Amino acid sequence: MNIRFLETFIWIARLGSFRAAANKQHLTQAAVSGRIAALESEFQKTLFERGHRDLRLTPAGRKLMQYAEQMLGMEHDLREALAGSSRLSGRVRLGVVESIVHTWFKDLIRQLHALYPELEIELTAESTLRLHDLLKRGTIDVALQTDPIMGDGIRNLPMGSMRMGWVCMADESMPVRSGLQELVQRWPLVTFPRGSQPHLALVQLLDPLPVDQARIHYVSSIAASMQLIEAQPSIATLPLAAVSRQLNSGLYQEIVCEHALPDLRLVASWRPDPLTQTAQAVIGVALERMHHFAAEHPGLALPPPDTRVFAI
């Protein structure tokens, strides 16, 4: 029995399709189909019910899943024991939101390179909703974003939070303090895309106000939001850590508003890989960088006290 065939079987069961498993393992769909055919021939059992729209395990497939995960875990432990230390190599497909790109992402990449120089990183910077879809389809391995991802085999770990604020250009025409209703009536608002955590928080704040129609720009890029508030008088809801340099230099200012914005929560999501455990190692480093960043930026990034850094 080929251990690589069992690994392919596990990824098909987790991701729900032959195509997603092929993408995950950098194989052709024909190669993936061939591996499953070989396993079914060896065990004389059908492992997947192919008549359903969603691929499902047969009773034999469910039983094999239990043993296959144990076998791959044992192989990983054996390789580590013989090697004497863990060395990560290969590729990790990492998805991050812009709030991380503009804060501690550079430190994360530096430390990953220092610890695991043989690890190749394939980066995707996208919105949380898009990263949810990519992880569910198996086209990324790790998502560092803002909301837990619900799905079979997906793990979620809270990473902490970033303080959000009302931000604008430091200009005499812009207020230092203001009520929310006055802000909405006088200036356009710039926020994250529809359905995002900051957008939903803004909607909740605006809902009870007697305002006919707020002027809201929905922007998926923090860099674009910064360009927008610099181009015209407007107010953005942004993670303060992402614009700390502009705030400290006096280019931007934070407006003290009677309605404070809730913190932006961050979550790491992944599917555990019993063979390489690369995702877990990357998340361990990400948690460490988040803690270091919080120590250097008091009040801007606040990891929860019960979060523990784990490393592989």
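Residues numbered from 1 in each chain as written. Predicted model: local features only at pLDDT ≥ 70, side-chain atom pairs only at ≥ 80, totals over all residues. Heavy atoms only, no water.

Draft legend 1. Here's a closer look at the side chain of His199. Here His199 lies in helix 9 (residues 197–206). Residue classification places His199 among the buried positions, given a relative accessible area of 8%. A polar contact is formed between the side chain of His199 and the backbone nitrogen of Gly195, at a distance of 2.9 Å. (Helix = DSSP H or I, 4+ residues; strand = E, 2+ residues; numbered from the N terminus. Buried < 20%, exposed > 50% of the residue type's maximum accessible area, 1.4 Å probe, protein only. Polar contact = N/O pair within 3.5 Å; in protein donor to acceptor, adjacent residues only side chain to side chain.)

Draft legend 2. Spotlight on the sheet that holds strand 11 (residues 235–239). Spatially, the six strands line up as an open sheet ordered 8-12-7-11-9-10, and their pairing is mixed. Lying at the two open borders of the sheet, with one neighbouring strand each, are strand 8 (177–178) and strand 10 (216–218). Relative to strand 12 (residues 252–257), strand 8 runs parallel, the two sharing two bridges. Residue pairing for strand 12: Ser178 is matched across the bridge by Cys257. Lying over the sheet, helix 9 contacts strand 7 (164–169), strand 9 (189–191) and strand 10, oriented at roughly 145 degrees with respect to strand 9. (Pairing = 2+ DSSP bridges. Contact = heavy atoms within 4.5 Å. Axes fitted to C-alpha atoms, helices over the stretch in contact; angles between N-to-C directions.)

Draft legend 3. Region of the structure containing the nonpolar core. In terms of nonpolar packing, the biggest core is built from 67 residues, with Trp104, Leu108, Leu144, Trp166 and Ile235 touching the most fellow members. Of all the elements, helix 12 (residues 278–296) adds the most residues to this core, at nine residues. Beyond its immediate sequence surroundings of up to four residues, Ile235 is in contact with Trp166, Val167, Cys168, Met174, Leu183, Trp187, Pro188, Leu189, Val190, Ile229 and Ile255. By size, the runner-up hydrophobic cluster in this structure holds 21 residues, among which are Leu15, Val32, Leu39 and Ala68. (Core = buried A, V, L, I, M, F, W, Y, C linked by side-chain atoms within 4.5 Å.)

Draft legend 4. Representation of the pairing of strand 13 (residues 264–270) within the structure. Most of strand 13 is tucked away, with six of its seven residues classed as buried. Here seven bridges tie strand 6 (residues 155–162) to strand 13, and the two strands are oriented antiparallel to one another. Among the inter-strand pairings, Leu157 is bridged to a residue of strand 13, identified as Ala268.

Draft legend 5. Spatial organisation of the pairing of strand 3 (residues 90–96). Burial analysis of strand 3 places five of its seven residues in the buried class, the great majority of the element. Sheet topology note: the strand 3/strand 4 (residues 119–125) ladder contains seven bridges and is parallel. Following the sheet pairing, Arg93 is matched in strand 4 by Glu122. Note that strand 3 and strand 5 (residues 142–145) share three bridges and pair parallel. Across the sheet, the residue bridging to Gly95 is Ala143, located in strand 5.

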